[in-house]
Amino acid sequence: MQDKNDANRMRKELLIRIIKDFMEDKLAEKIDKIPIELRPKGEPSSRCCTYKDRAVLKYRLMAMLGVSVEDEEDESKQLSSYLEDVLKRNSFDENILSVLDVACTSCVTSRYLVTNACRGCFARPCVFNCPKGAMSVIDGKSVIDYSKCIDCGICTQVCPYHAVIRVPIPCEEACPVGAIKRNPETDVQEIDFGKCVYCGKCMVACPFSAILEKSQIIDVLKAIKEKKKITAMLAPSVVGQFPVPLEQIAGAVLALGFTGVEEVAFGADMTSEHEAEEFVERMNAGDKLMTTSCCPSYVETVKKHVPGLLKAVSETPSPMRYTSQTLKEEDPDALTVFVGPCVAKRKEALNDPNTDFVLTFEELAAMFVALGVQFNAVQPHELTRPVKSTGRGYATSCGVSSAVLKEMKDAGRTDIPDINAQFINGVDKKAVKLLQMYATGKMPGNFLEVMACEGGCVGGPCTIGKVKLAIDAVKKYADGPGIPKK
Amino acid sequence: MQKTKVTICVGTTCYLLGAADLQELETFLPEDLKECVEVIGSHCLGVCKDNQYGNAPFVKVDDELIANATVGAIIEKIYEHRKGE
Ligand code: SF4
Ligand code: SF4
Ligand code: FES
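**Observations concerning the overall build of chain A**
Of the regular secondary structure elements, chain A holds 20 helices and 15 strands. Against the compact-globule benchmark of 23 Å for 486 residues, chain A has a radius of gyration of 25 Å, which places it among compact chains. When the backbone C-alpha atoms are referred to their principal axes, chain A occupies close to 85 × 60 × 40 Å. Counting every position in chain A, which comprises 486 residues, the buried fraction comes to 56%. Contacts in chain A between residues far apart in sequence, at least 24 positions, make up 73% of those at least 6 positions apart. When the 62 positive and 65 negative side-chain charges of chain A are each reduced to one mean point, those points stand 5 Å apart.

**Some remarks on the packing of aromatic side chains**
Under the defined criterion, the tally for this structure stands at 7 aromatic pairs over all chains. With centroids separated by 5.5 Å and ring planes inclined at 70 degrees, the aromatic side chains of Phe242(A) and Phe368(A) adopt a geometry described as edge-to-face. One end of the pair, Phe242(A), is in the loop between β9 (230-234) and α11 (246-255); the other, Phe368(A), is in helix α16 (residues 361-370), and 126 residues separate them in sequence. The residues Phe242(A) and Phe368(A) share a single accessibility class, namely buried. Measuring from centroid to centroid gives 5.6 Å for Phe242(A) and Phe375(A), while their planes differ by 65 degrees, and the two rings are edge-to-face. Separated by 133 residues along the polypeptide, Phe242(A) in the loop between β9 and α11 and Phe375(A) in the loop between α16 and α17 (389-392) bring together distant segments of the chain. You'll find Phe242(A) and Phe375(A) in the same group, each marked buried. Aromatic rings pair up to connect Phe242(A), Phe368(A), Phe375(A) and Tyr15(B) into one cluster. A cation over an aromatic ring shows up here: Lys77(A) above the ring of Tyr82(A), its NZ or CZ 4.6 Å from the ring centre. Over the ring of Phe266(A) we find Arg385(A); its NZ or CZ atom is 4.5 Å from the centre of that ring.

**A closer look at the interface of chain B and chain A**
Each partner contributes to the interface: chain B provides 22 residues, whereas chain A provides 25 residues. Summing the contributions of chain B and of chain A, the shared interface buries around 2,100 Å²; its carbon and sulfur component is 59%. There are 2 salt bridges connecting chain B and chain A. Among the ionic pairs, Lys466(A) bridges to Asp21(B), the shortest N-O distance being 3.4 Å. The tally of links from chain B across to chain A stands at 8 residue pairs in polar contact (both at pLDDT 80 or more).

**Notes on the pairing of strand β3 (residues 135-138) of chain A**
Residue and element names in this part refer to chain A. Sheet topology note: the β3/strand β4 (residues 141-144) ladder contains 4 bridges and is antiparallel. Within β4, the residue paired with Met135 across the bridge is Ile144. Taken together, β3 and the strand that follows it, β4, pair antiparallel across an intervening segment of 2 residues, in which Asp139 is found at a positive phi of about 50 degrees.

**Let's talk about the sheet that holds strand β15 (residues 447-451) of chain A**
Residue and element names in this part refer to chain A. The sheet built from 3 strands is open, its strands ordered β11-β15-β14 with parallel pairing. With one partner strand each, in any of the chains shown, β11 (290-291) and β14 (421-425) form the two edges of the open sheet. Pairing geometry for β11 and β15, over 2 bridges, is parallel. Along β15, the bridge assignment pairs Thr291 with Leu448.

**Some details on the site of ligand 2**
Around ligand 2, the structure places 13 residues, and the nearest of them are Cys175(A), Cys196(A), Val197(A), Cys199(A) and Cys202(A). Looking at the shell around ligand 2, its residues break down into 12 nonpolar, 1 polar and no charged.

**Comments concerning the pairing of strand β13 (residues 357-360) of chain A**
Residues and elements named next belong to chain A. The alternating pattern of β13 places Phe357 and Leu359 on one face and Val358 and Thr360 on the opposite face, and all of these are buried. Pairing of strand β12 (residues 335-340) with β13, which is carried by 4 bridges, proceeds in the parallel orientation. Residue pairing in the sheet places Val339 in a bridge with Leu359 of β13. Read as a crossover between parallel neighbours, the route from β12 over helix α15 (residues 344-350) to β13 is right-handed.

**Quick word on the site of ligand 1**
In the vicinity of ligand 1, the contacting residues are Cys104(A), Cys107(A), Ile169(A), Pro170(A), Cys171(A), Gln189(A), Cys206(A), Pro207(A), Phe208(A) and Ile211(A). Of the residues belonging to the shell around ligand 1, the class tally is 9 nonpolar, 1 polar and no charged.

**Regarding the sheet that holds β12(A)**
Residues and elements named next belong to chain A. What the 4 strands build is an open sheet, ordered β10-β9-β12-β13; its pairing is parallel. Of all the strands in the sheet, the pair left with one neighbour each is β10 (260-263) and β13. In this sheet, neighbouring strand axes are inclined to one another by 25 degrees on average, regardless of whether the strands run parallel or antiparallel. Bridging between β9 and β10 involves 4 bridges; their strand directions are parallel. Bridging from a neighbouring strand, Ala232 pairs with Val261 of β10. Strands in contact with helix α10 (residues 217-225) are β9, β12 and β13; relative to β13, the strand with the most contacts, it is inclined by about 110 degrees. Across the sheet, α11 touches β9 and β10, and the angle it forms with β10 is around 150 degrees.

**Structural notes on unusual backbone geometry**
Cis geometry marks the peptide bond from Ala56(B) to Pro57(B), where omega comes out at 0 degrees. Counting through the fold element by element, Pro57(B) comes out in the loop between α4 (47-51) and β3 (59-61). Residue Asp151(A) is not a glycine yet carries a positive backbone phi of 60 degrees. Examined against the element boundaries, Asp151(A) turns out to sit in the loop between β4 and α7 (154-158). What makes Asp151(A) partly exposed here is its relative accessible area of 33%. Phi at His162(A) is positive, roughly 50 degrees, even though this residue is not glycine. Its location among the elements puts His162(A) in the loop between α7 and β5 (164-166).

Conventions and cut-offs
- Residues numbered from 1 in each chain as written.
- Chains lettered and ligands numbered in written order.
- Predicted model: local features only at pLDDT ≥ 70, side-chain atom pairs only at ≥ 80, totals over all residues.
- Heavy atoms only, no water.
- Helix = DSSP H or I, 4+ residues; strand = E, 2+ residues; numbered from the N terminus.
- Rg over C-alpha atoms; globule rule 2.2 N^0.38 Å.
- Buried < 20%, exposed > 50% of the residue type's maximum accessible area, 1.4 Å probe, protein only.
- Contact = heavy atoms within 4.5 Å.
- Lys, Arg positive; Asp, Glu negative; His and termini not counted.
- Charge placed at Lys NZ, Arg CZ, Asp CG, Glu CD.
- Phe/Tyr/Trp six-rings, centres within 6.5 Å; stacked < 30°, edge-to-face > 60°.
- Lys NZ or Arg CZ within 6 Å of the ring centre and 35° of its normal.
- Buried area = accessible area lost by both parts, 1.4 Å probe.
- Salt bridge = Lys/Arg side-chain N within 4 Å of Asp/Glu carboxyl O.
- Polar contact = N/O pair within 3.5 Å; in protein donor to acceptor, adjacent residues only side chain to side chain.
- Pairing = 2+ DSSP bridges.
- Near = heavy atom within 4 Å.
- Nonpolar A, V, L, I, M, F, W, Y, C, P; charged D, E, K, R; others polar.
- Right-handed = clockwise from strand over helix to strand, strands pointing away.
- Axes fitted to C-alpha atoms, helices over the stretch in contact; angles between N-to-C directions.

Function-wise, these values are silent; they only describe arrangement.
See below:
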């Protein structure tokens, strides 16, 4: 999802480094030096100075260790000492995102700016139309008095030269629910977790990479190093993330030291079956609408912003929950790691006793690089657990609905109500309004599929594959035979 | 006229560090190059190990290796190789 840029590159290189050092038992000794090595004295800095660059790197590493940047009490506390704490922890911070204050101060405070295109014209519509008298012409050019400006934007509309522009604040622009705002006292963005739906859109949008997710990678690596039983559960979107077939990805995962690898698609099959049943029951009981529940960010959006819709949200557990529940029933001692494209799953997993950890595709890929795993050099791993092709299709928009629809048909029931399926492909500000309309019961359709990410999970914030190619790859598997029951 | 061969490394290192974005190279090729370039994906070219991952992604234009490859750099190199043809 994230296009090539320096900030992303830096994050990936840092990840690779800490994984490598940790697995070679060198992280404790090396971690405090990483910021200095990457930003040696005398080389050009990307922010105001080398020291600030280093500070930013330190906090980035803290987030990679899964430590809250906001919790730092003692600035002199070293990364190695955080690492010691991390290796002892057995729970995680509830707030899965942090805003890195030293990195975030660079976006404009005011949204409106007069550019050089201003001719100081005779008509001066900006001066006349500004309701607060904030505009005046000084030395032949319009100037905004920011102490009076209320960000109404009238000046941008009336200027015949389009000389006044609106400068967006990327994270605010991206957030569908107004959860990220500037704290006027600190001048830094703050996430209101009472509103945040963990979609990760702010993280992708920020050009300074100032929004960080708290990783659990060290915890996973530690379990691998201690030779614990640990199973990777690959989300259906995985096939669009790497340029090789699923069996080869699975083989590479085992080469990392995971003791098991499974497709979350089989949990998706269970979700479809139960959701189909639930739909029939609900409609026969007189309900007007049921929505999907597999996207945790969507469910969070309903809980926090569209409570009127909550009763329509399916109560069927998500594919991740079914998958980890099944695996824990089979082997309670094996740790379970959900590997996916999603920030919100981190939150969902914190409340799922059967899912021990969450990794992102980016983190998985960094593990391949750090441990020198190449797809062509690993033994492909044949997956044997039966999965339906529809379960594999969950990762693209409309995939969930087609799976549930097919279940209903296959069940061969005669009491099936007419289904009118609707889709919301990506939750943005407009979609939240649309959901509010659904809550009033005035929208058409009795089955609503909602995915917070555009395109479905393949468009998630922690993906590495190109969305278009990823959609094609998922569709190929969704059109395939799946793995039949023996 | 012989086609110029572009080999994009999609080994794990190059893939994560940028080759994922190069996969669509063909769609970015200018009209005059479309017919005379052959793009293929390759396993790890083996250079990431000696060079450290710092210079990935690696791409080969015919036999010439490009480090830190970008769509722009690849296209420029293709033109260079086709000069005089
Ligand atoms: S996009 Fe938001 S978080 Fe990023 S630097 Fe600007 S204000 Fe800060
Ligand atoms: S709702 Fe999404 S965009 Fe808004 S603050 Fe939370 S994660 Fe960021
Ligand atoms: S992965 Fe590209 S050279 Fe090794």
